[in-house]
Amino acid sequence: MKKVHVYLFVDALGWEIATRHHFLEKELPERARVKMQFGYSSTSLPTILSGEPPSKHGHFSFYYFDPATSPFKIFRVMKWFGGAGLHPKCLFNRGRVRRYMSKFFAWWKGYTGYFQLYSVPFEKLPFFNYCEQSDIFARNGLAPVKNLRDILEESGVAYHMSDWRKNEAANFAAAEKVFSEGSVDFAFLYAADFDGFLHNHVGDEEAVGGPIKYYSEKVRRLFSALKAGGRPYALTVISDHGMTATKGTVDLLSVIDELGLVFGRDCAWFSDSTLLRFWYLREGVREKVHARLEQPDCKGHFLTAEEKREYGIDFPRDKFGQDIFLTDAGIQISPCDLGVKPLEGMHGYSPEHEDSDAGIFSTEPLRFQPKTVRDFFGLMKADIEEVSRG
């Protein structure tokens, strides 16, 4: 009888947190610390779903400099409506309004992937493009690179994948149903809520214990459903990164303002939570930026060419930044283009920092020792091939 292979992805269930809270140590005895993919979930998920580095699957930060083909050119008209959206306290800059605008814009453009305007200033948007316009979980979602769905479709095995748009309760319920019926050979389950919780509670160990217990119970329910299905099974929990408690902030956007640089004329920049990325448009600007940001008060460093290669983000034509400044672990850029206030915890720091490590937790010995989250794809692909052989 074919063994059912189940992979449950829990966003931000890092090795350190899972170990401190003894996450399912008896039920999932085969465990390993795994290096994260440098970047955010926008980087790590495509890496896990394809087994390829960002430089090959083409995803890193959501936004990249591309004024020629920017889909956001319409936002240039905002200034003609009494400067609507240009003042930080304007109605159009409120979080809820931004979320509604994001949904409308995604519908208008036909985007099927995850899309958010976040807090990107409207006057900056026409200079940028957005990389996740397509659903990365769907067939051809990372074309020309093959993703997990492509492999599953080609294999012919009966499979189940969670719908990332639905809430976790619905996805867990759907999984329990198909498992109890014994109708699938392979499953990839998606649970993203833990990441948002940790962003606000990572420093509260007692509070973190709540969702750890919740996911433990959900896994036990999956065990029960699989047993009811009457087939042997292997269940593996994987994550993409951990979470680092915030130790401080740095206002790098004000530092750039001090240099007197004109956005779109001298250079362009985009500020993620831990990264400040630059595209230079005039001679001498790079030296000026480096001279200032390399001062100790900026609390970080520019990634070297070697680091970019090692992290798999050495993109052709420096698509996501000619220079990338990374803050020290625990230091958030605040405000930034993704949010005006710092969070209690953040990820996206150096993969070498212990809090950044992801984890893998399984009911049975792993086929091979994964070194980075990129290797999860190889494990899943091998299981699919085993099932397809019968």
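Structure: see above.
Only a predicted model underlies this, so the values are computations on that prediction, with no experimental measurement involved. (Residues numbered from 1 in each chain as written. Predicted model: local features only at pLDDT ≥ 70, side-chain atom pairs only at ≥ 80, totals over all residues. Heavy atoms only, no water.)

1. Let's talk about the environment of Glu154
By the secondary structure assignment, Glu154 is in helix H5 (residues 148-155). Under the relative-accessibility criterion, Glu154 is labelled partly exposed at 47%. The spacing of Glu154 and Gly203 is 49 residues in sequence and 44 Å in space, taken between C-alpha atoms. Those residues in contact with Glu154 that sit more than four places away from it in its chain are Arg139 and Lys146. (Helix = DSSP H or I, 4+ residues; strand = E, 2+ residues; numbered from the N terminus. Buried < 20%, exposed > 50% of the residue type's maximum accessible area, 1.4 Å probe, protein only. Contact = heavy atoms within 4.5 Å.)

2. Things to note about the sheet that holds strand E11 (residues 275-280)
Taken together, 4 strands build an open sheet; the order of strands is E10-E11-E13-E12 and the sheet is antiparallel. In this open sheet, the two edge strands, each paired with only one partner strand, are strand E10 (267-271) and strand E12 (300-302). Taken pair by pair, the neighbouring strands of this sheet meet at an average axis angle of 15°, ignoring direction. As defined by bridge partners, E10 adjoins E11 across 5 bridges and the pair is classed as antiparallel. Within E11, the position partnered with Ala268 by the bridge is Trp279. Strands in contact with helix H10 (residues 285-293) are E10, E11, E12 and strand E13 (323-327); relative to E11, the strand with the most contacts, it is inclined by about 160°. (Pairing = 2+ DSSP bridges. Axes fitted to C-alpha atoms, helices over the stretch in contact; angles between N-to-C directions.)

3. Brief notes about the packing of aromatic side chains
Per the stated rule, a full pass over the model turns up 43 aromatic pairs. Ring plane angle 25° and centroid distance 6.1 Å describe the contact between Phe38 and Phe60, whose orientation is recorded as stacked. One end of the pair, Phe38, is in the loop between strand E2 (30-34) and helix H2 (41-50); the other, Phe60, is in the loop between helix H3 (54-57) and strand E3 (63-65), and 22 residues separate them in sequence. Judged by centre distance (6.2 Å) and plane angle (40°), the rings of Phe128 and Phe263 are tilted. Highlighted residues: Phe128 in strand E4 (residues 128-130) and Phe263 in the loop between helix H9 (252-258) and E10, separated in sequence by 135 residues. By relative accessible area, Phe128 is classed as buried at 0%. A relative accessible area of 19% places Phe263 in the buried class. A cation sits over an aromatic face here: Arg98 above Phe122, 4.0 Å from the ring centre. (Phe/Tyr/Trp six-rings, centres within 6.5 Å; stacked < 30°, edge-to-face > 60°. Lys NZ or Arg CZ within 6 Å of the ring centre and 35° of its normal.)

4. Quick word on the nonpolar core
Counting residues in each nonpolar core, the largest one holds 42 residues, and the members touching the most others are Tyr63, Leu276, Phe278 and Leu293. Looking at this core, the elements that each hand over two or more residues are E3, helix H4 (95-109), E4, H9, E10, E11, H10 and strand E14 (331-333). With residues up to four places along the chain from it excluded, the contact list for Phe278 reads Ile256, Cys267, Ala268, Trp269, Val289, Leu293, Phe302, Gly321, Gln322 and Asp323. The next biggest cluster of nonpolar side chains, apart from the first, holds 35 residues, and it includes Leu8, Ala175, Leu222 and Leu235. (Core = buried A, V, L, I, M, F, W, Y, C linked by side-chain atoms within 4.5 Å.)

5. Details of the environment of Ala305
Following the sequence through the fold, Ala305 ends up in helix H11 (residues 305-311). Residue class for Ala305 comes out partly exposed when judged on its relative accessible area of 48%. Sequence-wise, Ala305 and Asp323 are 18 residues apart; in three dimensions their C-alpha atoms are separated by 9.5 Å.

6. Considering the sheet that holds strand E5 (residues 159-161)
With mixed pairing, 6 strands are arranged side by side in an open sheet as E2-E16-E7-E1-E6-E5. This sheet does not close on itself; its edge strands, each paired only once, are E2 and E5. Each adjacent strand pair in this sheet contributes to an overall mean axis angle of 15°, direction not counted. The pairing of strand E1 (residues 4-10) with strand E6 (residues 186-191) spans 6 bridges and is parallel. Residue pairing across strands places Val6 opposite Ala187, the latter belonging to E6. The sheet strands contacting H5 are E5 and E6, and the helix crosses E5 at an angle near 160°. Against the sheet, helix H8 (residues 205-228) touches E1, E6 and strand E7 (233-238), its axis set at about 160° to E7.

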